[in-house]
Amino acid sequence: MGRLVLKKVSRKFNGFLATENMDFEVADGEFVCLLGPSGCGKTTILRIAAGLISPDEGEIFLDGKKIVGVNKECGVVFQEYALFPWRTTKGNIMFGPEVKGMPKEECERISRHYIDLVGLAGFEKLYPHELSGGMKQRVGIARAYANNPKLLLMDEPFGALDAQTRNIMQAELLRIWEKEHVSVLFVTHSVDEAVYLADRIVVMTARPGTVKEIFEVDLPRPRVRTSPEANVIRDRVLRSLGTEIQMAMR
Amino acid sequence: MKIDSERKGLAINILSLFCFLLLWHALVMMARNDIFNIPFMRLRDIPTPIETWYALLGSMFTKTYGPALTYGIADHTRASLLRVVEGGIIAFIVGVPVGIGVGYSKLLGNILNPIIEIVRNMPPMAWIPLAIFILVAGGSIFIVFIGMVFPIILNTVHGVKSTDSRLIDAAKTLGASESKIVTLVVIPSAFPSIMTGLRIGLGVGWMAIVAAEMVIRSPVGLGYFIWNMGDLGRYAEMVAGMIVIGVIGYVMNISILVLQKRFIRWVD
């Protein structure tokens, strides 16, 4: 389960509309990328889906249940990691199970499982400042998964990483996603990233952001980044996005 | 390379301290031999470093002169430290929760801020008359409390307010309740600031206790000791007491810094 539906969602910020009439859905187990020019309200949509802010208009549902207040059935992965600096790798991953009051052995078991899943074995006792950017984001992903979410919300999670690490992390994310099969809503401004990762790409307009076009990426995984099919989709998405970027720059 | 420059630094530190003592000695000796004196200052009455050192050794421990008992610097130090510790514990128990409340809750901030802002601008010394005339018992502990509680409150507020909002968001989406957010996110995040508040507070508390003991005239305490020695014209003992005060303040500051480093390993 994990079907996210947005119905005519609008949200104002400081008097101007950040996002208007957003209408799309993430099907159960689907990987959707939200792509748009900067300032179009991608992050706003993500925060609304997480229940961290509420929409001014419109409604949002997870598995048919309207989201009111913080959505505790989703896991959020933040761009700047947002790890608890005073907790070790293991402590960060255990945070969710711990605050839910799970017994200690259960917390241990869950953290063990996700530490292994994201490839952090041997790094359990290190603090975030002792980890590289890629490692930190592995912790972020494991922490979100450890909370057993129906939906994973990712806000440009690899934006702060160098190109090499970024490619590795994208492949890692797909490997984890295929194992756990949680729906993903992934915000990015990189067309390459979206084409490599997504089942569907939602392209947004410039501010106020709304859905401009939705692309199906019907390519088998693992995808070859430079395959002709990928290039065709990349071209179409870029063209759709290009006019919006010009609008945003104006 | 690094060790070399560190060693060099330490050597300069020691040399500088030695030069200071030398200058002190020279000034006093020149005044005593009428070679040089600063007008209107009785430099000749200042004890030399060596006299101070012997005074320190001589007055370190309690002595009896016939029927009279004289407390040693060790006793005075113990008494002053005890007051600072007692006042400090109370200030910590009061200051940290108040700081967390004011920093975290807008309402509580609005209620308490005007009071805090006025009261914290009354120096601890301004409270001494109140302590003497009204409180009587525990007056000096109260002065320490006043000196320490505001640095602790203000630094706790600062720590709470500078909690990264993304960490709070992360905790919320991970299912943390409001109270768990405070105990598991806000307090750990504010902890380094709270320690800084404690460190600054100890400095203020230590200054306040010395002043309070002079005025309150507690029969034992370093402030009382240096005032009394000055009164009796035993300047070497007086200066020895002053140096003990400085060294203890320095040691307290360093100890908190060391504790902070040891317990807060997660700060880069």
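Analysis parameters
- Residues numbered from 1 in each chain as written.
- Chains lettered and ligands numbered in written order.
- Predicted model: local features only at pLDDT ≥ 70, side-chain atom pairs only at ≥ 80, totals over all residues.
- Heavy atoms only, no water.
- Contact = heavy atoms within 4.5 Å.
- Buried area = accessible area lost by both parts, 1.4 Å probe.
- Salt bridge = Lys/Arg side-chain N within 4 Å of Asp/Glu carboxyl O.
- Polar contact = N/O pair within 3.5 Å; in protein donor to acceptor, adjacent residues only side chain to side chain.
- Helix = DSSP H or I, 4+ residues; strand = E, 2+ residues; numbered from the N terminus.
- Nonpolar A, V, L, I, M, F, W, Y, C, P; charged D, E, K, R; others polar.
- Pairing = 2+ DSSP bridges.
- Buried < 20%, exposed > 50% of the residue type's maximum accessible area, 1.4 Å probe, protein only.
- Axes fitted to C-alpha atoms, helices over the stretch in contact; angles between N-to-C directions.
- Parallel < 35°, antiparallel > 145°, perpendicular 65-115°, else oblique.
- Left-handed = near helix turned anticlockwise from the far one by under 90°.

**Q** Explanation requested: the interface of chain B and chain A in the structure shown.
**A** Interface size, as often reported, equals the accessible area lost upon joining of the parts. Chain B puts 19 residues into the contact, and the matching count from chain A is 23 residues. Note on chain B versus chain A: buried area summed over both sides is about 2100 Å², and carbon and sulfur give 70% of it. The largest per-residue losses of area from chain B upon contact with chain A belong to Thr173, Leu174 and Trp266 of chain B, which jointly make up 35% of the total buried on that side. In this structure, the connection of chain B to chain A is made through one salt bridge. For the pair chain B and chain A, the interface holds four residue pairs in polar contact (both at pLDDT 80 or more). Listing elements by their share of the side of chain B that touches chain A, those giving two or more residues are α7 (165-173) and α8 (178-216) of chain B. In terms of residue count, the dominant contributor to the side of chain B that touches chain A is α7 of chain B (seven residues). Residue composition of the side of chain B that touches chain A, by class: 10 nonpolar, three polar and six charged.

**Q** For this particular structure, what's the right way to read the pairing of strand β2 (residues 16-26) of chain A?
**A** One face of the sheet, then the other: side chains in a regular strand alternate in exactly this way. Residue and element names in this part refer to chain A. When strand β1 (residues 4-13) meets β2, the two strands line up antiparallel, connected through seven bridges. Bridging from a neighbouring strand, Leu6 pairs with Phe24 of β2. Between β1 and β2, which follow one another and run antiparallel, lie two residues, and Asn14 among them has a positive phi close to 50°.

**Q** Just checking my understanding: could you explain α7 of chain B for this structure?
**A** Since the α-helix advances by 3.6 residues per turn, residues separated by three or four positions end up pointing in the same direction. All buried positions along α7 of chain B are accounted for by Leu167, Ile168, Asp169, Ala170, Ala171 and Thr173 of chain B. Buried positions along α7 of chain B lie against α1 (42-49), β6 (74-77), α2 (89-99) and α4 (133-146) of chain A together with α8 of chain B. Gly175 of chain B occupies a position one or two residues after α7 of chain B and carries a positive phi of about 95°.

**Q** Any chance you could explain the side chain of Ser193 of chain B here in plain terms?
**A** All names here are of chain B. Mapped onto the elements of the fold, Ser193 is located in helix α8. Its relative accessible area of 15% is what places Ser193 among the buried residues. Apart from residues no more than four positions distant in its own chain, Ser193 is found in contact with Asn155, His158 and Gly159.

**Q** Any chance you could explain the sheet that holds β2 of chain A here in plain terms?
**A** The strands that make up a sheet are held in pairs by hydrogen bonds between backbone atoms, and each pair lies either parallel or antiparallel. Residue and element names in this part refer to chain A. Spatially, β2-β1-β4-β5 is the arrangement adopted by the four strands of the open sheet, whose pairing is antiparallel. Sheet topology places β2 and β5 (65-66) at the edges, where each strand pairs with a single neighbour. The strands touched by α1 are β1, β2 and β4 (57-62); relative to β1, the strand with the most contacts, the crossing angle is about 120°.

**Q** Before we go on, may I ask you to explain unusual backbone geometry in this structure?
**A** With glycine set apart, most residues show a phi of negative sign, and most peptide bonds adopt trans. All names here are of chain A. That bond from Arg221 to Pro222 is cis: its omega, -5°, falls within 30 degrees of zero. Within the secondary structure, Pro222 is located in the loop between β10 (211-216) and α7 (228-249). Positive phi, normally seen in glycine, also occurs at Asn148, with a value near 55°. Mapped onto the fold, Asn148 is located in the loop between α4 and β7 (151-155).

**Q** Sorry, what's going on with the pattern of salt bridges here?
**A** Opposite charge on two side chains permits them to pair, given that their charged atoms come into close proximity. Residue and element names in this part refer to chain A. Summed over all chains, the structure comprises 27 salt bridges over all chains. One salt bridge in this structure joins Lys66 and Glu59, with 3.3 Å as the shortest N-O distance. Here Arg112 and Asp116 are joined by a salt bridge, their closest N and O atoms 3.1 Å apart. Of this pair, Arg112 and Asp116 both sit in helix α3 (residues 104-117), separated by four residues, roughly a single helical turn. What makes Asp116 partly exposed here is its relative accessible area of 44%. One network of salt bridges, with partners in common, ties together Asp63, Lys65, Glu73 and Lys150.

**Q** Explanation requested: the packing of α2 of chain A against α4 of chain A in the structure shown.
**A** Two quantities define a packed helix pair, namely the angle between the helix axes and the distance between the axes. Residue and element names in this part refer to chain A. Across the interface, α2 lies against α4 with an axial gap of 7 Å and an inter-helix angle of 25°. By the angle between their directions, the pair α2 and α4 is classed as roughly parallel. Crossing of α2 over α4 shows right-handed handedness. Two secondary-structure elements touch here, α2 through Thr89, Asn92, Ile93 and Pro97 and α4 through Val139, Ala142, Arg143 and Ala146. For the contact of α2 with α4, the per-class residue count stands at five nonpolar, two polar and one charged.

**Q** Which parts of the structure should I look at to understand the sheet that holds β10 of chain A?
**A** All names here are of chain A. Spatial ordering of the open sheet is given by β6-β7-β8-β3-β9-β10, a layout of six strands whose pairing is mixed. Both edges of this open sheet fall to β6 and β10, since each of them pairs with a single strand only. The sheet shows a mean angle of 15° between the axes of neighbouring strands, taken without regard to direction. Across five bridges, the pairing between strand β9 (residues 200-204) and β10 is antiparallel. Following the sheet pairing, Val203 is matched in β10 by Glu213. Taken strand by strand, α1 contacts β3 (31-35), β7, β8 (183-188) and β9, and its axis lies near 150° from that of β7.

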